[in-house]
Protein chains: 2
Amino acid sequence: MVCISKMSAAKTDNEVTPLHGERVTSQRLLILRIIREGEGHMDAEELYRRATEEDPRISLSTIYRNLRLFKRIGLVEERYLGEGHHHYELRRPTQHHHLVCLGCGRVIEFECPQTEQMREDVAKANDFEITDTEVYFAGYCSSCRKKRG
Amino acid sequence: MVCISKMSAAKTDNEVTPLHGERVTSQRLLILRIIREGEGHMDAEELYRRATEEDPRISLSTIYRNLRLFKRIGLVEERYLGEGHHHYELRRPTQHHHLVCLGCGRVIEFECPQTEQMREDVAKANDFEITDTEVYFAGYCSSCRKKRG
DNA sequence: GTAGGTGCAAAGTGTTTGCATATAC
DNA sequence: GTATATGCAAACACTTTGCACCTAC
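What you see is a predicted model; the values in this text were computed from it and never measured. (Residues numbered from 1 in each chain as written. Chains lettered and ligands numbered in written order. Predicted model: local features only at pLDDT ≥ 70, side-chain atom pairs only at ≥ 80, totals over all residues. Heavy atoms only, no water.)

Take helix 3 (residues 60-72) of chain A next. Taking 1.5 Å of rise per residue, 13 residues should cover 18 Å, and helix 3 of chain A covers 18 Å from first to last C-alpha, within 8% of that figure. Following helix 3 of chain A by one or two positions, A:Gly74 adopts a phi angle in the positive range, close to 85 degrees. (Helix = DSSP H or I, 4+ residues; strand = E, 2+ residues; numbered from the N terminus. Expected span 1.5 Å × (residues − 1).)

Pasting the structure below:
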């Protein structure tokens, strides 16, 4: 379930409510829906590809413009998982992190309660207000390890 | 002190020893020295700018090519700290992580012993061999918070 | 009606590559 | 001498922007 500050996306498209002067356009609904359905890590290109299937006239700049918007209003999070471009996912209430296989590119999500404590410690120690947290591990999964001996 | 698998850089340039067939060129020495002296987070452009001051003929592609080499042989680590490009730093024996101010761009490093435990847990749970670890926090430092009220 | 969003094509970044020349070994 | 690095310019991939048209409010 998504329900954040300025624009919120509910279960079905038509329930989306703009709360900030951001206009509700068919493109925005479509993009949000695809991100939601894609659950997980999609880059702009993939998002564009899928969007085009439903609305062949949609443009890549609209994708990028709206990703930036969604990011800004906190609906979507941007991740750099080490391949030269970004992945996008809906912001979820529970923090979760990423484990990436450098062999096959597979991305595994995991949760990590310790992070919360760490975050507080670091915030306090540096007098920061921390708004973003990310833990990133990379390595090789068991099947990729087998392949390379 | 830096002393890793295939090529090692010691205190002064001339002590550098290639251990892997990688040739020791003046450009490589220069780049490594600048990364070392720059201590911290320099992007390729900044590295290039400084290198040009000492060797006006050095080219940006040499910078990139060698950054890739250094990364591959484990001398240097690449970090994406969220501004559309990478930062590079010498690999150090102690794991450290990054706290970035979204207001002024300042990067603070911190260490975090808990991460080691986390890493082991995640590796075990997913049957991974984890080779890279990164914890990234972003937010606002105290002076940027004041500015924006 | 108007501020704001879209599509398109063009421009920007950051990064990589092909090739002839130069250099470490 | 030969394999490997370099410099240069050209190509790339990802992302942003300018502008005329369109649409949500």
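Picking up after the structure, the text goes on.
Right, let's talk about the interface of chain B and chain A for a bit. In this complex, chain B contributes 34 residues to the contact, which on the side of chain A involves 34 residues. Area buried by chain B at its contact with chain A is led by B:Met118, B:Phe128 and B:Phe137, which between them contribute 23% of it. Linking chain B with chain A are 2 salt bridges, by the criterion used here. Across the pair B:Arg145 and A:Asp127 runs a salt bridge, and its minimum N-O distance is 2.9 Å. Inspection of the chain B/chain A interface yields 14 residue pairs in polar contact (both at pLDDT 80 or more). Going through the elements one at a time, strand 6 (97-101), strand 7 (107-110), helix 4 (114-126), strand 8 (128-141) and helix 5 (142-147) of chain B are the ones with two or more residues in the side of chain B that touches chain A. Top element by residues in the side of chain B that touches chain A is strand 8 of chain B. It accounts for 14 residues. A breakdown of the residues in the side of chain B that touches chain A according to their chemical character gives 18 nonpolar, 8 polar and 8 charged. Note that strand 7 (residues 128-141) of chain A and strand 8 of chain B share 13 bridges and pair antiparallel. Following the sheet pairing, A:Val135 is matched in strand 8 of chain B by B:Val135. (Contact = heavy atoms within 4.5 Å. Buried area = accessible area lost by both parts, 1.4 Å probe. Salt bridge = Lys/Arg side-chain N within 4 Å of Asp/Glu carboxyl O. Polar contact = N/O pair within 3.5 Å; in protein donor to acceptor, adjacent residues only side chain to side chain. Nonpolar A, V, L, I, M, F, W, Y, C, P; charged D, E, K, R; others polar. Pairing = 2+ DSSP bridges.)

Before going further, it helps to examine the packing of helix 4 (residues 114-126) of chain A against helix 4 of chain B. Packed helix pairs are specified by the crossing angle of their axes together with the interaxial distance, meaning the distance between the axes. Their axes nearest at 11 Å, the elements helix 4 of chain A and helix 4 of chain B cross at an angle of 160 degrees. Taken together, the axes of helix 4 of chain A and helix 4 of chain B lie roughly antiparallel to each other. At the point where helix 4 of chain A passes helix 4 of chain B, the crossing takes the left-handed sense. Every residue of helix 4 of chain B that contacts helix 4 of chain A at A:Gln114, A:Thr115, A:Met118 and A:Asp121 is listed here: B:Gln114, B:Thr115, B:Met118 and B:Asp121. Looking at side-chain class alone, the contact of helix 4 of chain A with helix 4 of chain B contains 2 nonpolar, 4 polar and 2 charged residues. (Axes fitted to C-alpha atoms, helices over the stretch in contact; angles between N-to-C directions. Parallel < 35°, antiparallel > 145°, perpendicular 65-115°, else oblique. Left-handed = near helix turned anticlockwise from the far one by under 90°.)

We now examine helix 2 (residues 44-54) of chain B. One turn of the α-helix equals 3.6 residues, which is why residues spaced by three or four share an orientation. Residue and element names in this part refer to chain B. Residues of helix 2 that are buried: Ala44, Leu47 and Ala51. Summarising the axial view, the buried residues of helix 2 lie within an arc of 60 degrees, below the 170-degree limit, and thus occupy one face. For helix 2, the elements touching its buried residues are helix 1 (26-38), strand 3 (42-43), helix 3 (60-72) and strand 5 (86-90). (Buried < 20%, exposed > 50% of the residue type's maximum accessible area, 1.4 Å probe, protein only. Arc of directions from axis to C-beta.)

With that out of the way, let us pick up the nonpolar core. A:Leu99, A:Phe137, B:Leu99 and B:Phe137 are the most contacted members of the largest nonpolar core, which has 30 residues in total. When contributions to this core are tallied by element, the ones reaching two or more residues are strand 5 (97-101), strand 6 (107-110), helix 4 and strand 7 of chain A together with strand 6, strand 7, helix 4 and strand 8 of chain B. Leaving out residues up to four positions away in the same chain, A:Leu99 has contacts with A:Arg106, A:Val107, A:Ile108, A:Phe110, A:Phe137, B:Val122, B:Asn126, B:Phe128 and B:Ile130. (Core = buried A, V, L, I, M, F, W, Y, C linked by side-chain atoms within 4.5 Å.)

What follows covers the protein's contact with DNA strand D. With respect to spatial proximity, 23 residues lie near DNA strand D, and among them A:Tyr64, A:His86, B:Thr25, B:Gln27 and B:Thr62 are the closest. Looking at DNA strand D alone, sugar and phosphate atoms form 68% of those within 4 Å of the protein. At a separation of 2.7 Å, a sugar or linking oxygen of DNA strand D approaches a polar side-chain atom of B:Gln27. A distance of 3.3 Å separates a phosphate oxygen of DNA strand D from a polar atom in the side chain of B:Asn66. Counting only elements with at least two residues in the surface near DNA strand D, the list comes to helix 3 of chain A together with helix 1 and helix 3 of chain B. (Near = heavy atom within 4 Å.)

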